Amino acid sequence: MKISRLFHETVGSSLAACAAVLFFVVGAAALACAQSGAMSPYQGEQDGVSAGGQWLEYASTDKMSGAKKVRFELQSTNYFKEDPDYKPRVNLYCSNGKLKLADFNPGVRLPPPNRPGFWYQPQLEVEVRVDDVHYFKGWNWMRGRFLSMDKGTVRGMMSAQVFNIALPNRSGREIAEFSPGGLNFDRVKQACDLTPKKPSKD
């Protein structure tokens, strides 16, 4: 009886220890995945890989044209008050080796446009800082959720260490703060035919 009781106690302890180890391993894997932020939210898009610094690169293939598509994403280092669970982000969308669109997604609903573009398209004026260069830009207002960025700002941001965007919203004027340093220029050149350029106000 003593041996039987000892056997059951040993087996029970071993199972409990195995369960604890398994729980720890699964939890650590989930935490690592959450911290990497590399899972794609889009169907048909591969999970992201590092493109240098805080940038992530996502690849996909257009199901109709077969075009090779790449998306580079950089998330801000802060949140806007309206949505503390979603960081503002910049996305570069490239297809067959060319940049198709660069946009800024603040993660909150944008205010109405406050200026017309060259072709009278609705725009929102934002304040931009690229390292020590500071200027205002009118970016195309897209469905009240995104702003289409100009190519000059994108090229300046690529080689910058500081990149900030200030804009009005429901909580007042807020600033999205980015740390774009460390981007692999070769990857962006290959996927988007885009190279960095010293920032300017032009």
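Residues numbered from 1 in each chain as written. Predicted model: local features only at pLDDT ≥ 70, side-chain atom pairs only at ≥ 80, totals over all residues. Heavy atoms only, no water.

1. Regarding the overall build of the chain
Item 1. Counting secondary structure elements, the chain contains three helices and 11 strands.
Item 2. Reading the chain from its N terminus to its C terminus gives the helix and strand order α-β-β-β-β-β-β-β-β-β-α-β-β-α.
Item 3. Every one of the 202 residues in the chain was classed for burial, and the buried ones make up 37%.
Item 4. In the chain, once contacts between residues fewer than 6 apart in sequence are set aside, the share between residues at least 24 apart is 47%.
Item 5. Total accessible area on the chain is roughly 12,300 Å²; 57% of this is exposed by carbon and sulfur atoms. (Helix = DSSP H or I, 4+ residues; strand = E, 2+ residues; numbered from the N terminus. Buried < 20%, exposed > 50% of the residue type's maximum accessible area, 1.4 Å probe, protein only. Contact = heavy atoms within 4.5 Å. Areas by Shrake-Rupley, 256 points an atom, 1.4 Å probe, with all protein chains shown as cover.)

2. Here's the deal with helix α3 (residues 185-192)
An α-helical segment advances 3.6 residues per turn. Residues three or four places apart therefore align on the same side.
Item 1. Along α3, the residues that are buried comprise V188, A191 and C192. Along α3, the residues classed as buried sweep out an arc of 75° about the axis, all on the same side. Turned more than 90 degrees away from the buried face of α3, the exposed residues are D186 and Q190.
Item 2. Positioned one or two residues after α3, D193 has a phi angle of 55°, which is positive. (Arc of directions from axis to C-beta.)

3. Remarks on the pattern of salt bridges
Item 1. Tallied over the entire structure, the rule returns nine salt bridges.
Item 2. Between R173 and E127 there is a salt bridge whose closest N-O contact spans 2.6 Å. You can see R173 sitting in strand β11 (residues 172-178) and its partner E127 sitting in strand β7 (residues 122-130), a full 46 residues away along the chain.
Item 3. The class of E127 is buried, set by a relative accessible area of 17%.
Item 4. Among the ionic pairs, K137 bridges to D150, the shortest N-O distance being 3.8 Å. Of the two residues, K137 sits in strand β8 (residues 133-142) while D150 sits in the loop between β9 (146-148) and α2 (151-158), which places them 13 residues apart along the sequence. In terms of burial, K137 and D150 fall into one category: buried.
Item 5. One connected set of salt bridges, linked through shared partners, spans E45, R71, E73 and R89. (Salt bridge = Lys/Arg side-chain N within 4 Å of Asp/Glu carboxyl O.)

4. With respect to the state of the cysteines
Item 1. For the coordinates displayed, the defined rule picks out one disulfide.
Item 2. The disulfide bridge from C94 ends at C192, spanning 1.9 Å between sulfur atoms. The sign of the S-S torsion, about 90°, decides the handedness of the disulfide formed by C94 and C192: right-handed. Remark: C192 occurs in helix α3 and C94 occurs in strand β4 (residues 89-95); sequence separation between them is 98 residues. An identical accessibility class is assigned to C94 and C192; each is buried. (Disulfide = S-S within 2.5 Å.)

5. Some thoughts on the confidence of the model for the chain
Detailed conclusions should not be drawn from predicted coordinates in areas where pLDDT is low.
Item 1. A residue-level look at the chain finds 81% of positions with pLDDT of 70 or above and a mean pLDDT of 84.
Item 2. Summarising per-element confidence for the chain, the mean pLDDT is lowest in helix α1 (residues 2-36) (41) and highest in β4 (98).
Item 3. Below a pLDDT of 50 lies the segment residues 10-37, which in the model reaches five contacts outside its immediate sequence neighbourhood of four places, other chains included. (pLDDT = per-residue confidence, 0-100.)

6. So, the packing of aromatic side chains
Centre distance and the angle of the planes are the two values used to describe a pair of aromatic rings.
Item 1. Scanning all chains against the criterion turns up three aromatic pairs.
Item 2. Ring geometry for F118 versus W119: centroids 5.0 Å apart, planes at 90°, classification edge-to-face. By the burial criterion, F118 is exposed, and W119 matches it.
Item 3. Plain terms: the ring middles of F163 and F178 are 5.8 Å apart, the flat faces sit at 45° to each other, and that makes the pair tilted. Of this pair, F163 sits in strand β10 (residues 163-169) while F178 sits in strand β11; the two residues are 15 residues apart in sequence, bridging distant segments of the chain. Judged on exposure class, the residue F163 and its partner F178 are both buried.
Item 4. Ring pairs connect the aromatic residues F104, F163 and F178, which therefore count as one cluster.
Item 5. Note that R71 overlies the ring of Y58, its terminal NZ or CZ placed 4.2 Å from the centroid.
Item 6. Sitting above the plane of the Y86 ring, R89 keeps its charged end 3.9 Å from the centroid. (Phe/Tyr/Trp six-rings, centres within 6.5 Å; stacked < 30°, edge-to-face > 60°. Lys NZ or Arg CZ within 6 Å of the ring centre and 35° of its normal.)

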